[in-house]
Amino acid sequence: MSRLTVILAAAAFAGLVLVLPAIPWFGRRRLTERLRPYAPGATLRHGEAGILSVDSFRDVIAPLAHHIGTHLASAFGVREDLEVRLLRIHSPVDPTHFRVRQVAWTIGSLLACSALAVTVAPPPLVALVFIAGSPLLAFLVLEQQLAAKSARWRRRIFLELPIVSEQLGMLLGAGYSLAAALNRISQRGTGACAADLGRVCDRMRQGLGEVDALNEWAATADVAALTRLVGVLALNRQAADLSKLIGDEANAARRDAQRDLIETIERRTQMVWIPVTVAALIPGVIFMAVPFVQALSLFSAS
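Keep in mind that what you see is a predicted model, and the values were worked out from it rather than measured. (Residues numbered from 1 in each chain as written. Predicted model: local features only at pLDDT ≥ 70, side-chain atom pairs only at ≥ 80, totals over all residues. Heavy atoms only, no water.)

1. Some remarks on the overall build of the chain
This is how the line gets drawn: The helix and strand labels rest on DSSP assignments: H or I over at least four residues marks a helix, E over at least two residues marks a strand, and numbering proceeds from the N terminus. When a residue's accessible area, from a 1.4 Å probe over protein chains only, is under 20% of the maximum for its type it is buried; when over 50% it is exposed; and in between it is partly exposed. Whether two residues are in contact is decided by their heavy atoms: any pair within 4.5 Å suffices. Accessible areas in this description were obtained via Shrake-Rupley with a 1.4 Å probe; residue shielding takes into account the shown protein chains only.
Within the chain, the regular secondary structure consists of eleven helices and zero strands. Counting from the amino terminus, helix and strand elements in the chain follow one another as α-α-α-α-α-α-α-α-α-α-α. A total of 302 residues make up the chain; the buried ones form 27% of that total. Nonlocal contacts in the chain, meaning residues at least 24 apart in sequence, comprise 60% of its contacts between residues at least 6 apart. Accessible surface, the chain: about 19,700 Å² in total, of which carbon and sulfur atoms supply 67%.

2. Focus on a nonpolar patch on the surface
Our working definition: By definition, no residue in a patch forms a salt bridge, and every one has over 30% relative accessible area; like charges are joined within 9 Å, nonpolar side chains (Val, Leu, Ile, Met, Phe, Trp, Tyr) within 5 Å. Basic side-chain nitrogens of Lys or Arg form a salt bridge, by our definition, when they fall within 4 Å of a carboxyl oxygen of Asp or Glu.
Taken together, the side chains of Met271, Ile274, Val278, Ile282, Ile286, Phe287 and Val290 present a nonpolar region at the surface, about 730 Å² in accessible area. Inspection of the secondary structure puts Ile282 in helix 11 (residues 242-301).

3. Some thoughts on helix 7 (residues 178-188)
How we decide: This arc describes the spread of directions from the helix axis toward the C-beta atoms.
Looking only at helix 7, the buried set comprises Leu178, Ala181, Leu182, Ile185 and Ser186. Projected down its long axis, helix 7 carries its buried residues within an arc of 130°, all on one side. Across from the buried face of helix 7, at angles greater than 90 degrees, the exposed residues are Gln187 and Arg188. Its buried side turned inward, helix 7 meets helix 6 (124-173), helix 8 (192-205), helix 9 (210-221) and helix 10 (224-233).

4. Side note on the packing of helix 5 (residues 95-120) against helix 6
Note the cut-off: Axis lines are fitted through C-alpha atoms, for helices just across the contact stretch, and the angle between N-to-C directions can take any value from 0 to 180 degrees. What sets the label is the angle itself: under 35 degrees gives roughly parallel, over 145 gives roughly antiparallel, 65 to 115 gives roughly perpendicular, and the rest give oblique. Crossing handedness: left-handed means the near helix sits turned counterclockwise from the far one by under a right angle, and right-handed means the same turn made clockwise. Amino acids outside the nonpolar list (Ala, Val, Leu, Ile, Met, Phe, Trp, Tyr, Cys, Pro) and the charged list (Asp, Glu, Lys, Arg) are all regarded as polar, and Gly is one of them.
Axis separation between helix 5 and helix 6 bottoms out at 9 Å; the angle between their running directions is 155°. Viewed along their axes, helix 5 and helix 6 adopt a mutual orientation that is roughly antiparallel. Every pair of crossing elements has a handedness; the one defined by helix 5 and helix 6 is right-handed. Together, Phe98, Arg99, Arg101, Gln102, Trp105, Thr106, Ser109, Leu110, Cys113, Ser114, Leu116 and Ala117 of helix 5 and Ala127, Phe130, Ile131, Ser134, Pro135, Ala138, Phe139, Leu142, Glu143 and Leu146 of helix 6 make up the contact between the two elements. Classifying every residue of the contact of helix 5 with helix 6 gives 14 nonpolar, five polar and three charged.

5. Observations concerning helix 5
To keep things clear, this is the line we draw: Each residue after the first adds 1.5 Å to the expected span of a helix.
If you check helix 5, its first and last C-alpha atoms are 37 Å apart, about what 26 residues at 1.5 Å a residue would give, namely 38 Å. All of the buried residues along helix 5 are Pro95, Phe98, Arg99, Val100, Gln102, Val103, Thr106, Ser109, Cys113, Ser114 and Ala117.

6. Digging into the pattern of salt bridges
All chains considered together, the criterion is met by eleven salt bridges. Between Arg88 and Glu80 there is a salt bridge, with the nearest N and O atoms lying 2.3 Å from each other. Of the residues examined, Arg88 reaches a relative accessible area of 1% and is grouped as buried. Using a relative accessible area of 31% as the deciding quantity, one classes Glu80 as partly exposed. Between Arg155 and Asp260 there is a salt bridge, with its nearest N and O atoms 2.4 Å apart. Here Arg155 is found in helix 6, whereas its partner Asp260 is found in helix 11, with 105 residues between them in sequence.

7. Structural notes on the confidence of the model for the chain
To be explicit about the condition: pLDDT runs from 0 to 100 and stands for how confident the predictor is about each residue.
When pLDDT is averaged along the chain, the result is 79, and 82% of the positions lie at 70 or above. By mean pLDDT, the top-scoring element of the chain is helix 8 (90), and the lowest-scoring one is helix 1 (residues 2-19) (69). Across residues 43-54, confidence stays below pLDDT 50; counting only partners more than four residues off in sequence or on other chains, it has 22 contacts.

8. Details of the packing of helix 9 against helix 10
Any two packed helices are characterised by how steeply their axes cross, that is the angle between the axes, and by the distance between the axes. One can describe the packing of helix 9 onto helix 10 by two numbers: an axis separation of 9 Å at closest approach and a directional angle of 170°. Relative to helix 10, the element helix 9 lies roughly antiparallel. Residue-level inspection shows Leu214, Asn215, Trp217, Ala218 and Ala221 of helix 9 in contact with helix 10, the latter providing Leu226, Thr227, Val230 and Leu233. Here the residues of the contact of helix 9 with helix 10 sort into seven nonpolar, two polar and no charged.

9. Notes on the nonpolar core
Convention followed: Side-chain atoms within 4.5 Å link the members of a nonpolar core, which is a set of buried Ala, Val, Leu, Ile, Met, Phe, Trp, Tyr and Cys residues.
Among the nonpolar cores identified, the biggest contains 40 residues, and Ile157, Leu182, Leu214, Trp217, Leu226 and Leu233 are the most heavily contacted of them. Those elements that place two or more of their residues in this core are helix 4 (82-88), helix 6, helix 7, helix 8, helix 9, helix 10 and helix 11. Looking at which element gives the most residues to this core, the answer is helix 6, with ten residues. Beyond its immediate chain neighbours, meaning those up to four positions away, Ile157 contacts Ala192, Cys193, Asp196, Trp217, Ala221, Val223 and Leu226.

10. Concerning the side chain of Thr220
As for its placement among the helices and strands, Thr220 is situated in helix 9. For Thr220, a relative accessible area of 11% gives the class buried. Beyond its immediate stretch of four places on either side in the chain, Thr220 contacts Val84, Leu87, Arg88 and Arg199.

In structure tokens, the structure reads:
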């Protein structure tokens, strides 16, 4: 009890030492550090407080956290790259920062559960499961939240794609260039496809080709209908009547969405029968068990 209290107190003290220098009114920088960014050839970023600071600690722990988080996620079956998932949902967080936050939540959960286990004093096996399972649960909760956001974004693209394809076909048929049509949809739209097309237009302004930017979007979104549409849009400079081909792809995407909706309805219809079957099965078993038990009692009495 006393040894664990000393360890927790030391960890709390180390955390305060790292956090307090980041507070401006507490950890005021020295004059030399404040003048260093203005010196010729200075490399110190604004806001750094020296060797022992939050930024320096993050720089040290970030590669280790990224390595541990990646291997632990792949051990639980997560094969998709973290950077792709964060890029898909337009997250402002980079992969290293996400892994650092995961490791921080894991360590915090471990310390909190350890203190709670010492306070409550459950059986050793229960305490071991509680202490070992809570950090893992904290890690997987953040991973599951990111996976759910990624799946919802892909679903939105899948549902919006038929309408966006038809808009592209109409704009190209009206005489718009491919870049102008993509830019117009990104500015006028408010959905997931419009947000992704805004990034595609930004990539084209940076000097990337239209087809390459669209291929990047298809690789990030990972939607089969979008990959087919991008393959059609790649024929922009070769096909004479591209709007007809885009219309066919829009119809194909709409059929895929309709087929998926029918499968969802059928699946939910089957799920409705599960509680009905259980509710009808239990009374039937009871009514069958009563005469069976009565017959057994009669045979045993005779």
